[in-house]
Amino acid sequence: MPNVYEVNVEGGMSSLSITNTNLHEHVPNEAPIVSSYNDRIRPLLDTVDRLRNLNVMKEGIQLPTIVVVGDQSSGKSSVLESLAGISLPRGQGICTRVPLVMRLQRSSTPEPEIWLEFNDKRVDTEEEHIAEAISITTEAIAGSGKGVSDTPLTLHVKKAGVPDLTMVDLPGITRVPVNGQPENIYEQISGMIMKYIEPQESIILNVLSATVDFTTCESIRMSRQVDKTGERTLAVVTKADMAPEGLLEKVMADDVSIGLGYVCVRNRIGDETYQEARMQEEVLFKTHPLLSMIDHDIVGISILAKKLMQIQGTMISRCLPDIVQKIKEKMEASYFELNKLPMVMTSTQEALMTFMNIIGSAKECLQRILVQGDFIDYQDDQSMHSTARLADMLGQFSGNLQAQPMIEEFLMDEIKVLEECKTIGLPNFIPRSAFLAILSQRIDAIHTKPVEFITETWDYIEGVLLSVLTKYSENFPQIQSSIKRAGRNLINKIKEQSVNRVIEIVEMEKQTDYTCSPEYMTAYTQKIAAQENFTYAVVNNYSNVHSLTAYGFGEVTVSHLRTYDAQLLRQAFDMKVRITAYWKIVVRRIVDNLALYIQFSVKNLVNNQFHKEIVAELVSPGGGGEVEKMLEESPSMTSKREKLKNSIKLLKESKEAVATIADQNSG
């Protein structure tokens, strides 16, 4: 007749009671392990379990945990059954499909108390039905297939004779998916195992079968990745009766670095009770010709239980001060974050004052980074070191503007202009219109560069401005977009004015030729001295050369100039010298003007326009009531506030949970 289950749901926390009305399998009422009770272990374990119940690990605080790992069919379930004196799910393939947190607590009452917890639900069960209850709850968590889930299932066992232990049993490692298992089953299980064994607070209980070569075990490979010296790893060797040959040598050689040592055990066979299994185990290790040679201090389930209790107590004692300190630090950080959050405002006046503080703080920050060159607010973000970045941009622009243009045919531009500007008059005069035409050509060739530079400059400043506004308005997302929009509008307005101003600066250079700098005449005098020699060499085809070195111009090709008369060549050379000497002054003057204009505009933005324009756009009668929006706290801010409050509450309870035991432990 199939098993029949009765399910009762109680109020409060979901509570399921599972009983089997037609199950006659005999399961012993009492576990065989009755360890000497250590008065210090239970309080320590209760404290850690209390922290685990509070879910303090979600605050990033790791707890000392015994993590049970092993390859599939290594005998993990048998070891855990023997420790707890209960039956776990058995079958082909993966039996453990979720992290099973086993909390064993020695009880003085004859009646065991057993229940499961997952996803805020409690499932009460009886000793005879534990395997079925685990299977049912596992399906509720991981589905009815053969996949795995990292959502933990907690099994509480309060029973006479069990050791005081908390362990996490993880799915057995399998490399080849079978019978409907997902293709990435190995990756899922190995990822889950690494998550649990990586923290330094974890104690790794590595279950190894005596029938295999330890060095080939996948569980050994994984544990050595996170515990190279083995100082956190204890190995339990199962199925000792099935492969006694060479077992002594394997555990003594320790080829796989098990720092906490080995314990060899015999698995329960068939219908043996747990008491019978332990008796058979004791006889085996005392009488077997090979197994009796193994030190009695490392054989048997009772020895394993004692070792685990001792190791667990030592680890908890060692980690407790750090846990206390981390709880304190996390709580202080949460309080700090909570106090940083804006107060909940109840009046328009409060909202307006807060808004003005945001704008005032942003203005002070902009003053520091855009004017004073003080980067204390953004020490690690070089893009916000604005005076340096603006200087870099100006230097790059200056170098780009002053780069010498490629000369394809020396003097040809000047010759073409002179021929088109000639008039009836004396031959040795250079028309001023010709010089202005050449100058205009030069300026037309570079006129887009200053506009591009000023546009890029204000694009950069806009990014800086928006970053600052975002930082100081982050607690008020309900108006953040409006503040940033006002900042963009302000920059766009200034950018348009700046582009017009730069266009005027460039156009002014085309209108007239003037400088008071003596550098012009100095450069002209130096270069014009080569005029006669150059002209003579070209006209007379001196040495039948195709190129000449002209002072100040380097080596130039001259073969294309031989068809022109000497007078035109002299004028063209003169024009080239004049425009070359003057052009350096022009480009430097453009750079200087833009540098001064940027400095002036940035200071004016920070000191005058920023506060005035932003406030006018958001606070004026036409501002759309933006400030009033601050009275309504955004959902994200409310969520953040609640999260911090809950975190503080959890950490307070955690602090209280460890306070007494920490004092006792330190004493």
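Here the residue numbers are simple positions, counted from 1 along each chain's written sequence. The model is predicted, so local features are restricted to residues of pLDDT at least 70 and side-chain atom pairs to those at 80 or more, both for listing and for counting; the totals for chains, interfaces and linings are taken over all residues. Computation of side-chain values: all heavy atoms of the structure, hydrogens and water removed.

- The name given to the protein chain in an unreviewed UniProt entry is Dynamin-related protein 4C-like, and the organism recorded there is Camelina sativa.

### Regarding helix α15 (residues 519-528)
And step 1. To sort residues, take the accessible area from a 1.4 Å probe on protein chains only and compare it with the maximum for the residue type: under 20% means buried, over 50% means exposed, and anything in between is partly exposed. Only DSSP runs of H or I reaching four residues or more are called helices, and only runs of E reaching two or more are called strands; each is numbered from the N terminus. Of the residues making up α15, those classed as buried are Y520, A523, Y524, K527 and I528. Along the axis of α15, the buried residues cluster in a sector spanning 120°; they form a single face.
And step 2. Where α15 is buried, its residues touch α16 (531-539) and α17 (566-619). The reported arc concerns the directions from the helix axis to the C-beta atoms and nothing else. In this description, contact between two residues means that some pair of their heavy atoms is separated by no more than 4.5 Å.

### Comments concerning the confidence of the model for the protein chain
And step 1. For the protein chain, per-residue confidence averages 84 on the pLDDT scale, and residues scoring 70 or more make up 89% of the total.
And step 2. Across the protein chain, the secondary-structure element scoring lowest on mean pLDDT is strand β1 (residues 5-10), at 36, and the one scoring highest is helix α13 (residues 448-472), at 96.
And step 3. The predictor's confidence in any single residue is recorded as pLDDT, a number from 0 to 100. A low-confidence stretch, residues 1-37 stays under pLDDT 50, and its non-local contacts, those more than four residues away or across chains, total 85 contacts.

### Some details on the packing of helix α14 (residues 477-511) against α17
And step 1. The angle between two axes is taken between their N-to-C directions and runs from 0 to 180 degrees, where each axis is a line fitted to C-alpha atoms and a helix contributes only its stretch in contact. Orientation of α14 relative to α17, taken along the N-to-C sense of each, is 155°, at an axis distance of 9 Å. When the axis of α14 is compared with that of α17, the two are roughly antiparallel. The handedness of the crossing between α14 and α17 comes out as right-handed. Angles are sorted into four bins: roughly parallel if under 35 degrees, roughly antiparallel if over 145, roughly perpendicular if 65 to 115, and oblique for all others. Should the near helix be turned anticlockwise from the far one by less than a right angle, the crossing is termed left-handed; should it be turned clockwise, right-handed.

### Things to note about the nonpolar core
The nonpolar side chains of a soluble globular protein tend to be buried, and buried together.
And step 1. Nonpolar cores were defined as sets of buried Ala, Val, Leu, Ile, Met, Phe, Trp, Tyr and Cys residues, with membership established by side-chain atoms within 4.5 Å. If you look at the biggest cluster of nonpolar residues, it comprises 90 residues, and the most contacted ones within it are F355, L370, I461, F534, L561, F573 and F610.
And step 2. Here the element with the most residues in this core is α17; it accounts for 25 residues.
And step 3. Ignoring any residue separated from it by four or fewer positions in sequence, one finds F610 in contact with I359, A362, K363, L366, L465, L469, L490 and L605.
And step 4. Counting 58 residues, the second-largest nonpolar core is a separate cluster that includes L83, M102, F118 and L155.

### A few points about the packing of α16 against α17
And step 1. Across the interface, α16 lies against α17 with an axial gap of 10 Å and an inter-helix angle of 140°. Accordingly, the angle class assigned to the pair α16 and α17 is oblique. The hand of the α16/α17 crossing is right-handed. Packed against α16, whose contacting residues are Q531, E532, F534, T535, V538 and V539, the element α17 presents A566, L569, R570, Q571, F573 and D574 at the interface.

### Structural notes on the pattern of salt bridges
And step 1. In what follows, salt bridge is the name for a side-chain nitrogen of Lys or Arg lying within 4 Å of a carboxyl oxygen of Asp or Glu. Within this structure, the stated rule accounts for 24 salt bridges.
And step 2. Residue D444 is joined to K510 by a salt bridge in which the shortest nitrogen-to-oxygen separation is 2.8 Å. Remark: K510 occurs in helix α14 and D444 occurs in helix α12 (residues 432-446); sequence separation between them is 66 residues.
And step 3. A relative accessible area of 38% places D444 in the partly exposed class.
And step 4. Residue K649 pairs with E653 through a salt bridge whose shortest N-O separation is 2.9 Å. Taken together, the residues span about one helical turn, with K649 and E653 both in helix α18 (residues 635-666) at a distance of four residues.
And step 5. In this structure E653 comes out as partly exposed when scored by relative accessible area, which is 23%.
And step 6. Residues joined in a network through salt bridges with shared partners are E113, R122 and D124.

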